[in-house]
Amino acid sequence: MTNREWHLVSRPVGWPKPEDFALVETPVPTPGEGQVLVRNKYLSVDPYMRGRMSAAKSYAAPYELGKVMQGGAVGEVIASNAEGIETGDHVLHFFGWREYGVLDAKNAVKVDPEAAPLSTYLGVLGMTGLTAYAGLLRTASFKEGDIVFVSGAAGAVGSQVGQLAKLMGASRVIGSAGSDDKVKLLVEEYGFDAAFNYKSGSVSEQLRAAAPDGIDVYFDNVGGDHLEAAIGSLRQGGRIAVCGMISVYNNTEPAPGPRNLARLIQTRGRIEGFLVGDHYDLQQEFVQKVGPWVASGELKYRETVVEGIENTLEAFLGVLRGDNIGKMIVKL
Ligand SMILES: NC(=O)c1ccc[n+]([C@@H]2O[C@H](COP(=O)([O-])OP(=O)(O)OC[C@H]3O[C@@H](n4cnc5c(N)ncnc54)[C@H](OP(=O)(O)O)[C@@H]3O)[C@@H](O)[C@H]2O)c1
């Protein structure tokens, strides 16, 4: 049996190019003692992977050149030498960007395909879902009555932030996204009170029009002019949770900072970054609270599904371009 896996072969400068990657054939590995062999069914492609393609020191180690890349994945165990995991079980793990992977059982979390569709363990009930939950509740200290603004609002994290805020009693939720179709979806399907296309005009002006009384919370997925606009609209005691800054991930020069940071003094505002990895203690609470909303359809989610290991790179680039609505998933 042959495995196909994606290797990083050179570190991208600016936008990643196909020549920076190679789809490589290798023999399917054999599991050792305490290990399982998994055939992946769904791979996650995520914006943070762009950071790992660079050699810069960060919270996660850079991908090694000439080696298979890593990422979230869900697959079926097809051989097991580990106690507690049987052939036929499904597991969530971190050995993505490949068709087959051998992993230590301690790095595999069993998931139930009967309880929820397998792909949701990578999205709405997985890492991006917990990011939305932890960032909104813990980092942004969301409370009932808040006016909430979220950027990247039609994406995996953003669409969940806006809907969670509504379900938990926000007085107004505003989202921004990069197309008129996405804006329509936010208002008509996800129940946002207002939304705008950031490509259609000034973010500051569109935000002021959508939130005439200002905002209490900004959940930042984008950075740049969105962050400056949010600071400009912040109310007294406002909180900004910095989740991501996708507008700068392919920059070759540092982006200019917000010009209006002094507003934080008069508003007593707070800006705080966070990493989902620091909030896994909320996992159980998150699943208990959000799982029923997903099951009942009160919290809606979309996935953009690309098929085939050979299209994984294109799916990843699609996330950076904004091709996706909701979580971008690769189905093998
Ligand atoms: N802190 C953490 O632990 C953590 C965990 C997960 C994710 N994140 C961050 O959260 C953010 C969202 O991640 P996700 O997985 O949910 O991805 P996503 O929102 O599903 O996909 C990324 C979206 O970003 C938008 N985008 C791309 N370039 C942009 C630009 N220049 N300006 C504004 N929007 C742009 C695109 O939508 P449009 O069509 O709207 O442009 C695209 O669909 C990312 O910044 C990511 O790095 C952080």
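Residues numbered from 1 in each chain as written. Predicted model: local features only at pLDDT ≥ 70, side-chain atom pairs only at ≥ 80, totals over all residues. Heavy atoms only, no water.

> Looking at this model, I keep getting lost on the packing of aromatic side chains. Mind explaining?
Geometrically, a pair of aromatic rings is defined through the distance of the ring centres and the angle of the planes. Going through the model one piece at a time under the given rule, you end up with 5 aromatic pairs. Taking the centre distance of 5.6 Å and the plane angle of 55° together, the rings of Tyr133 and Phe286 count as tilted. With a gap of 153 residues between them, Tyr133 in helix H2 (residues 127-139) and Phe286 in helix H8 (residues 283-296) connect regions that are remote in the sequence. Phe286 gets classed as buried once you look at its relative accessible area, which sits at 0%. Put simply, the rings of Phe149, Phe196 and Tyr218 touch in pairs and so form one group of aromatic residues. (Phe/Tyr/Trp six-rings, centres within 6.5 Å; stacked < 30°, edge-to-face > 60°. Helix = DSSP H or I, 4+ residues; strand = E, 2+ residues; numbered from the N terminus. Buried < 20%, exposed > 50% of the residue type's maximum accessible area, 1.4 Å probe, protein only.)

> Which parts of the structure should I look at to understand the site of the ligand?
What surrounds the ligand is a group of 27 residues, the closest being Lys182, Tyr198, Tyr249, Val276 and Asn324. Interatomic distance of 2.8 Å between a side-chain N/O atom of Tyr249 and an oxygen atom of the ligand. Expressed as a share of its isolated accessible area of 910 Å², the protein-covered part of the ligand is 90%. Within the residue set of the shell around the ligand, elements represented by two or more residues are H2, helix H3 (156-167) and helix H9 (312-321). Looking at which element gives the most residues to the shell around the ligand, the answer is H2, with 3 residues. Here the shell around the ligand is composed, by residue class, of 16 nonpolar, 10 polar and 1 charged. (Near = heavy atom within 4 Å. Polar contact = N/O pair within 3.5 Å; in protein donor to acceptor, adjacent residues only side chain to side chain. Areas by Shrake-Rupley, 256 points an atom, 1.4 Å probe, with all protein chains shown as cover. Nonpolar A, V, L, I, M, F, W, Y, C, P; charged D, E, K, R; others polar.)

> Mind showing me how you'd approach the side chain of His90 here?
Positionally, His90 belongs in strand E5 (residues 90-93). Residue classification places His90 among the buried residues on the basis of a relative accessible area of 10%. There is a polar contact of 3.0 Å between the side chain of His90 and the side chain of Lys41. Other than its neighbours up to four places away in sequence, His90 contacts Lys41, Gly75, Glu76, Val109, Lys110, Val111, Pro113 and Leu118. (Contact = heavy atoms within 4.5 Å.)

> Hey, could you run me through the sheet that holds strand E13 (residues 270-273) in this one?
Strands belonging to one sheet form pairs held by backbone hydrogen bonds; the direction of such a pair is parallel or antiparallel. Spatially, the 6 strands line up as an open sheet ordered E10-E9-E8-E11-E12-E13, and their pairing is parallel. Whereas interior strands pair on both sides, the edge strands pair on one side only; in this sheet they are strand E10 (194-197) and E13. Averaged over all pairs of adjacent strands, the angle between strand axes in this sheet comes to 15°, irrespective of strand direction. With 4 bridges connecting them, strand E8 (residues 147-150) and strand E9 (residues 172-177) associate as parallel partners. Across the sheet, residue Phe149 finds its bridge partner in E9, namely Ile174. (Pairing = 2+ DSSP bridges. Axes fitted to C-alpha atoms, helices over the stretch in contact; angles between N-to-C directions.)

In short, shape yes, function no, at least from these values alone.
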